[in-house]
Amino acid sequence: MTGGTALTGRVRVTGAKNSALKLMAAALLAPGRTTIDEVPDILDVAIMSEVLRRLGCDVDYRRTGDGGGGGRVTIDVPEAPSTETDYDLVRRMRASISVLGPLVARCGSAKVALPGGDAIGSRGLDMHISGLERLGATIVSEHGFLVATAPRLVGTSIWLDFPSVGATENLVMAAVLASGTTVIDNAAREPEIVDLCSMLRAMGALIDGAGTSTITVEGVGSLSPVTYTTVPDRIVAGTWAIGAVMTRGDVLVERAVAEHMAVALDKLTDAGATVEAQPGGVRVAMTERPRCVDIVTLPFPGFPTDLQPMAVALAAVSTGTALITENVFEGRFMFVNELVRLGADVRIDGHHAVVRGREKLSSAPVVATDIRAGAGLVLAGLVSDGVTEVQEVHHVDRGYPDFVEQLRGLGATIERTERPG
Ligand code: UD1
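Here the structure is a predicted model, which means the values were calculated and not measured.

A. Quick peek at the packing of aromatic side chains. Within this structure, the stated rule accounts for three aromatic pairs. Between Tyr-87 and Phe-145 the ring centres are 5.6 Å apart and the planes differ by 45°, which places this aromatic pair in the tilted class. A residue pair is termed long-range when its members are at least 10 positions apart, and Tyr-87 in helix α3 (residues 87–92) and Phe-145 in strand β7 (residues 145–149) qualify at 58 residues. The exposure class of Phe-145 is buried, given its relative accessible area of 11%.

B. Molecular detail of the pairing of strand β18 (residues 345–349). Where β18 and strand β19 (residues 352–356) come together, five bridges link them in antiparallel fashion. Following the sheet pairing, Arg-347 is matched in β19 by Val-354. Taken together, β18 and the strand that follows it, β19, pair antiparallel across an intervening segment of two residues, in which Gly-350 is found at a positive phi of about 60°.

C. Broad picture of the sheet that holds strand β17 (residues 321–325). Strand order across the open sheet formed by four strands is β16-β17-β19-β18, with mixed pairing between neighbours. The sheet is open, and its two borders are formed by β16 (295–296) and β18, each paired with just one other strand. In the sheet, β17 pairs with β19 via five bridges, with the strands oriented antiparallel. If you follow Thr-321 over to β19, its bridge partner there is Arg-356.

D. Broad picture of the site of the ligand. Around the ligand, the surrounding shell holds 20 residues, and the nearest of these are Lys-22, Asp-126, Ser-164, Asp-306 and Val-328. Between the ligand and the protein, one listed contact pairs an oxygen atom with a side-chain N or O atom of Asn-18 at 3.0 Å. Measuring from a nitrogen atom of the ligand, one finds a backbone N or O atom of Gly-124 at 3.2 Å. Burial of the ligand by the protein amounts to 86% of the accessible area it has alone, namely 740 Å². Of all the secondary-structure elements, those providing two or more residues to the shell around the ligand are α1 (17–26), α5 (126–134) and α6 (165–175). Split by domain, the residues of the shell around the ligand number at least three in each of domain 1 (8–13 + 233–409) and domain 2 (17–220).

E. Here's a closer look at the pairing of strand β15 (residues 281–285). Among the five residues of β15, four are classified as buried, and the element is accordingly described as predominantly covered. The sheet contact formed by strand β13 (residues 250–254) and β15 spans five bridges and is antiparallel. Bridging across to β15, Val-251 finds its partner in Val-284. Looking at chain direction, strand β14 (residues 274–278) and β15 are connected through five bridges and run antiparallel. From the neighbouring strand, Ala-277 faces β15, where its bridge partner is Val-282. Between β14 and β15, which pair antiparallel in sequence order, lie two residues.

F. Structural detail: helix α2 (residues 43–54). Here α2 spans 17 Å end to end across twelve residues, near enough to the 16 Å set by a 1.5 Å rise per residue. Buried residues of α2: Asp-44, Val-45, Ile-47, Met-48, Ser-49, Val-51 and Leu-52, and no others. Taken together, the buried residues of α2 touch α1, β2 (32–40), β3 (58–63), β4 (70–77) and α3. In the segment just after α2, Gly-56 is the residue with positive phi, at about 105°.

G. Representation of the sheet that holds β4. What the four strands build is an open sheet, ordered β3-β4-β2-β12; its pairing is mixed. The open sheet is flanked by β3 and β12 (227–229), the only strands paired with a single partner. For this sheet, the mean inter-axis angle between neighbouring strands, taken without regard to orientation, is 15°. Each of β2, β3 and β4 is contacted by α2, which is oriented at about 155° to β3, the strand it contacts most.

H. Highlighting the environment of Thr-8. Its location among the elements puts Thr-8 in strand β1 (residues 8–12). Owing to a relative accessible area of 41%, Thr-8 belongs among the partly exposed residues under this scheme. The sequence separation of Thr-8 and Arg-347 amounts to 339 residues, and the corresponding C-alpha distance is 32 Å. Beyond its immediate chain neighbours, meaning those up to four positions away, Thr-8 contacts Gly-249, Asp-250, Val-251, Gly-409 and Leu-410.

I. The side chain of Glu-190, seen in detail. In this structure, Glu-190 sits in the loop between β9 (181–185) and α7 (191–202). One buried charged residue, Glu-190, remains without a salt bridge, the closest side chain of opposite sign being Arg-234 at 4.7 Å. Once residues lying within four places of it in the same chain are set aside, the contact partners of Glu-190 are Val-165, Arg-234, Pro-299 and Phe-300.

The rules behind the values
Residues numbered from 1 in each chain as written. Predicted model: local features only at pLDDT ≥ 70, side-chain atom pairs only at ≥ 80, totals over all residues. Heavy atoms only, no water. Phe/Tyr/Trp six-rings, centres within 6.5 Å; stacked < 30°, edge-to-face > 60°. Helix = DSSP H or I, 4+ residues; strand = E, 2+ residues; numbered from the N terminus. Buried < 20%, exposed > 50% of the residue type's maximum accessible area, 1.4 Å probe, protein only. Pairing = 2+ DSSP bridges. Near = heavy atom within 4 Å. Polar contact = N/O pair within 3.5 Å; in protein donor to acceptor, adjacent residues only side chain to side chain. Areas by Shrake-Rupley, 256 points an atom, 1.4 Å probe, with all protein chains shown as cover. Domains from an automatic or database assignment. Expected span 1.5 Å × (residues − 1). Contact = heavy atoms within 4.5 Å. Axes fitted to C-alpha atoms, helices over the stretch in contact; angles between N-to-C directions. Lys, Arg positive; Asp, Glu negative; His and termini not counted. Salt bridge = Lys/Arg side-chain N within 4 Å of Asp/Glu carboxyl O.

If you want it as structure tokens, here you go:
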């Protein structure tokens, strides 16, 4: 990409990756056809589709062609799904672990490969495991697989050490078919949790407190398939918003939900941007060089860790100095080495980054290390002088549908090239 052009215009945001993948896993809880709309056309959805196919489901994905990069997925779930997931697939994507809860709840057993995913930290599974054990499952780890058995799950009280998104989701999906009442305390409150619980409720589950720290689930005997629409992706929306501010542009992010991005939008206002929540989305505009703002990542409603690389990139071209603190994933500053290659002045000390803003960055070849780092580096390339090449962009494909096309639609000079071989 060639830096120097302001992002201007409209961009449509489809459903959230981090919700759609769990909604697809939740389909396993009911035999029959579940239909999910606004599912992003990204690699991780293709991987989850394949995980479900190997479990015996028929999965079909169709793009909708409305410019947002989303589509409709239909999942036909058999009466008796297979309970063993494919090692190679699961290793490629951590979210595959979210089939564990539904499979144990519905089939009484599951064998799920230990997942892979982004290289952003140790990302343990202890809370998934101990929560399922409290519900009555027996779990052992053998030959790279977690093997769970539970002839019967029984409702219980679970206190999470940390409001883990994935553990909260897995435990809710297990509890909906357990006998009796489950109370999950210190639960995650992300909009994607609320979205999953809404779909489960539409399927017939009895869930109270989604979006608060205490979720109560009354188990039911069975659930029914539904048609459901995924919540808009607040991380993709936040990426466009930060891009607009960094490039001093003016972007209407269609379908963005301001309440899901309140802290991030507040930070952009502090940086000097004009932020307007409108009925169909959020408009973000910037005329001058942004000011540095301090940022601390925290579970929702705090500033999302998934927007931290973009926040560092933004600070790198702002006036002043920003202290960025990462509290969720310890490996998340790894991409900073690449940002420094573009001339950014960033110093890391443990989980803090001190960023001294520069007028401009300077183009260089850089390497994406994970989805969000890749997106942050692309935004940095848009404010670098000269031509920046971001390699390993397949990482970005895991989270952003039509990233390059959407950026081009906003006026960026950017293209995707395949390397020979
Ligand atoms: C999800 C999102 C990811 C986002 C993260 C935090 C998906 C597919 N991914 O990841 O994009 O950055 O939420 O908002 O939805 N942890 C444990 N033990 C556990 C579970 C988690 O130690 O049993 C730790 C993790 O290592 C991490 C922290 O808790 O340091 C947060 O993890 P969690 O909220 O579970 O994130 P994910 O669900 O993996």
